[in-house]
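# Commentary on secondary and tertiary structure
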Amino acid sequence: MRTITLLDTGWTFVKTAAGPLEAAQLPGEAVELPHTWNAADGQDGGNDYYRGTCWYVRQLDRPALEEGGEAWLEFAGAAMTAEVYLNGQKLARHEGGYSAFRVNLTEYLREKNTLAVSVDNSDNDRVYPQKADFTFYGGLYREVRLICVPKVHFDLSCCGAPGIKVTPVVDLEKNSAQVTVETWQTGEGEVTIAAAGQSKTVTPADGRAQAVFTIENVRLWNGVEDPYLYTAAAALSSGDEISARFGCRKFEIDPQKGFLLNGRSYPLRGVSRHQDRKGAGNALTMEMHREDMAIVREIGANTLRLAHYQHAQEFYDLCDENGIVVWAEIPYITMHMKNGIANTLSQMEELVAQCYNHPSIAVWGLSNEITAASAVDEDLLENHRLLNELCHRMDKTRPTTMADVFMLETDSPILDIPDVNSYNLYFGWYLGDLEQNEAFFDEYHSKYPNRCIGFSEYGADANPRYQSAAPEKGDYTESYQAIYHEHILKMIEARPWLWATHVWNLFDFAADGRDEGGKHGENQKGLVTFDRKLKKDAFYLYKAAWNRTEPFVHLCGSRYVNRTEPVTEIKVYSNQPEISLYVDGRLLASQEGRTVFRFRVPITGEHSIEARAGEVRSIMLIRKAEEPDPEYIFNREAGAVTNWFDQEIDPGCYSIADTLAELRSNPEAGAIIDRMMEQAATSRGDVAESVKDNPALQRMMGRMTLVSLLKQAGSVDEQSIKQLNRVLQGIRKTN
């Protein structure tokens, strides 16, 4: 019979040691798993978090084993490269920080044993990820288990897979499903396989057994409405047993109809998630996973992009249970490494093998923004072909996809490799205007009507401290983030052929190379803060559009208390058809509509504002202020630039009002700009440094004015901007 023991206590963490024997002798720090050594320094900015080799050591008694039985260690996640030593002897090495792996201890066990595990997250040219806009936490950040099995047992040696594979194929016309269950086992003997109340006993061939079942009147896994799960189980005469839950569903993606679930239109509209949290890093508990899923359900999303790597099995389970359709991917990201091809293949093989049975997973993601810092050459194309072939060889039921960086030309040959594509666009935030998002997709859809296209990332950073009555791109206000998402939501709703759309991101997350928007070490594009304690206004916009089960109203701008404008806009997000607005207890107006409701309210002093819809309500306090509240402004000095530079510019000379392309057309002005851009890229971490020379990005940025870039940068003071303008004004334009 199989026993599983959780090894979460008794560990000693040693930051530096020459090897397993020295690590076992050093005092270290007592820790419990899950654990990461970057929970603090990976979130505080500076791009200086510790990346190196650390050790985890514990004592392990020899477990009781049946005659011929085996003992295995299972690591659910060791970031990024792990080596496992028992009593000083190296037993295994695993490269890839997000997938599970197992180690057979049986032949090396003594009565008393010292287990030492080295974990390495240092920079290298083989193991992904290496360049990306998130922190690469190091540690044993998921569970470690001791698995003891009898001599004849279901396989534990292959790719961390569960040993059982379930493939349901649904016939919608017959309302039935054919379910194929496969198992792999060691030794001789029959296998009893059961599914949906049926059972068959089969004789394995070459260590593999298979049984096929037909489920009549099948109850479908039907997304968030009814995510019904069946169970398949397998047993050996030795007493070893395994099981897997599965769902019967049919996924289709059509260039014109978008995503279909079980034959009906089912537009995938949702968010992305990173697996980390303020103060905890990526060492998440089950309680944290459940809290994240509760927030996913509250917003009303029906899809998740689990980025940019394999997530915990417990979270895929939650997606299965809650009907959330998943995009699963590997961390092949930003920059192609010629020495990393084998690692992309091993990480994909483990992702598919370990996650195959999850009915929530709809697509396998080959890469993310891989052309941001890499040319589309034959080496990169071949890597993607190999990944695509591997996915289809292992799984004939799911399509492949990839997330394309916004600079990637739409006629690039790489777009022909996956079955479907999706683009990451940030028009209206990093560069360009909001309207360019719909222009891009409409042009793409018109030019390639037979291609399936999605919207895999979009977002704008927002620090809830910052507020504005006149928000603009780059000000990091909660107000602009809301306007940005209002525009994008409207754009998406008008284009049902977008097979999936994913907000970047549901939660703020750690990116230690960042230092912007008033915070260190965080990407603030989340709809919810890093600690999960505050939902930004834009969260409620999507809740109003997607959540049809929980009536609510939400007053936007509750953190924008001190207002200078004599008549202010009061905005309400709600999933109710009519909103009534009360000012100081008196009805101001009622309004019928959908999702977004706007009211104009005169303010003279302190006012109580209340929005009502039936039994639900939202209340906030605002007051008239004579001067702008400086606490609401991120870059106070750069924000005042527009008040002076119009009067100081000689149009016959260069200035900060010129575009980057215009400035770079002059060698002297261009040299100034290049130095400034080099410094700016360095201050924003490895990713910005890696992508800054991308030709397509340079063309796009060439259309932006220097002043717009300076205002968004946030770290440039007024005097520096004035000095830069004076220098440029000393360079005369030539016709």
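Described below are features of the structure shown in this document. These figures come from a predicted structure and were not determined experimentally.

Thresholds, definitions, all that
Residues numbered from 1 in each chain as written. Predicted model: local features only at pLDDT ≥ 70, side-chain atom pairs only at ≥ 80, totals over all residues. Heavy atoms only, no water. Helix = DSSP H or I, 4+ residues; strand = E, 2+ residues; numbered from the N terminus. Rg over C-alpha atoms; globule rule 2.2 N^0.38 Å. Contact = heavy atoms within 4.5 Å. Expected span 1.5 Å × (residues − 1). Buried < 20%, exposed > 50% of the residue type's maximum accessible area, 1.4 Å probe, protein only. Salt bridge = Lys/Arg side-chain N within 4 Å of Asp/Glu carboxyl O. Pairing = 2+ DSSP bridges. Phe/Tyr/Trp six-rings, centres within 6.5 Å; stacked < 30°, edge-to-face > 60°. Polar contact = N/O pair within 3.5 Å; in protein donor to acceptor, adjacent residues only side chain to side chain. 1 Å grid on protein atoms, 1.4 Å probe; cavity = no way out; pocket = protein on both sides within 12 Å on 5 of 7 lines; lining within 4 Å. Points joined across faces, edges and corners; volume = space filled by probe spheres on them. Nonpolar A, V, L, I, M, F, W, Y, C, P; charged D, E, K, R; others polar.

### So, the overall build of the protein chain
When helices and strands are counted, the protein chain shows 15 helices and 40 strands. Computed over C-alpha atoms, the radius of gyration of the protein chain comes to 28 Å, within 12% of the 27 Å expected from 2.2 N^0.38 for 735 residues, which places it in the range of a compact globule. Taken along the three principal axes of its C-alpha coordinates, the protein chain extends 90 × 60 × 50 Å. Look at the contacts in the protein chain between residues 6 or more apart in sequence, and 70% of them connect residues 24 or more apart.

### So, helix α2 (residues 286-299)
The first and last C-alpha atoms of α2 sit 20 Å apart over 14 residues, in line with the 20 Å expected at 1.5 Å per residue. Inspection of α2 places Met-288, His-289, Asp-292, Met-293, Ile-295, Val-296, Glu-298 and Ile-299 among the buried residues, and these make up the whole buried set. Packed against the buried residues of α2 are β23 (268-273), β24 (303-306), α3 (313-322) and α8 (537-546). At the C-terminal side of α2, Gly-300 shows a positive phi close to 90 degrees.

### Let's talk about the pattern of salt bridges
Overall, the coordinates contain 48 salt bridges when judged by the stated rule. Note that Arg-514 and Asp-133 form a salt bridge whose closest N and O atoms lie 2.8 Å from each other. Remark: Asp-133 occurs in the loop between β9 (112-120) and β10 (144-149) and Arg-514 occurs in strand β31 (residues 509-516); sequence separation between them is 381 residues. With a relative accessible area of 6%, Arg-514 lands in the buried category. Here Asp-133 falls in the partly exposed class, since its relative accessible area comes to 25%.

### Observations regarding the pairing of strand β2 (residues 11-14)
In this structure, β2 lies alongside strand β3 (residues 29-31), joined through three bridges in antiparallel fashion. What sits directly across from Trp-11, in β3, is Val-31.

### With respect to the packing of aromatic side chains
According to the stated counting rule, one finds 32 aromatic pairs in the structure shown. Between Tyr-228 and Tyr-230, the aromatic rings sit 4.9 Å apart at their centres with planes inclined by 85 degrees, giving edge-to-face as the arrangement. Overall, the relative accessible area of 11% leaves Tyr-230 in the buried class. Taking 4.7 Å as the distance between ring centres and 40 degrees as the angle between the ring planes, the aromatic pair formed by Tyr-542 and Trp-546 counts as tilted.

### Remarks on unusual backbone geometry
That bond from Leu-33 to Pro-34 is cis: its omega, 5 degrees, falls within 30 degrees of zero. Considering the arrangement of structural elements, one finds Pro-34 in the loop between β3 and β4 (53-61). Cis geometry is adopted by the peptide bond preceding Pro-129, which originates at Tyr-128 and carries an omega value of 0 degrees. With a phi angle near 55 degrees, Asn-262 is a residue other than glycine that sits in the positive phi range.

### Description of the sheet that holds strand β22 (residues 264-265)
The three strands lie next to each other as β20-β21-β22, forming an open sheet whose pairing is antiparallel. Whereas interior strands pair on both sides, the edge strands pair on one side only; in this sheet they are β20 (251-254) and β22. When strand β21 (residues 258-261) meets β22, the two strands line up antiparallel, connected through two bridges. Each bridged residue has a counterpart across the sheet, and for Leu-261 the counterpart in β22 is Arg-264.

### Observations concerning the environment of Arg-102
By the secondary structure assignment, Arg-102 is in strand β8 (residues 101-104). Between the C-alpha atom of Arg-102 and that of Leu-73, which follows or precedes it by 29 residues, the distance is 5.4 Å. If near-sequence neighbours (up to four positions away) are discounted, Arg-102 is found in contact with Trp-72, Leu-73, Glu-74, Ile-147, Leu-156, Gly-160, Ala-161 and Pro-162. A polar side-chain atom of Arg-102 sits 3.1 Å from the main-chain carbonyl oxygen of Leu-156. Side-chain polar atoms of Arg-102 contact the backbone oxygen of Gly-160, separated by 3.3 Å.

### Re empty space enclosed by the protein
Taken as a whole and assessed by the stated rule, the structure comprises two cavities of 30 Å³ or more. Its volume calculated, the largest cavity comes out at about 70 Å³. In this structure, the largest cavity is lined by Met-80, Tyr-98, Phe-134, Thr-135, Tyr-137, His-274, Gln-275, Asp-276, Asn-282, Tyr-309 and Ala-510. Among the residues forming the lining of the largest cavity, the class breakdown is six nonpolar, four polar and one charged.

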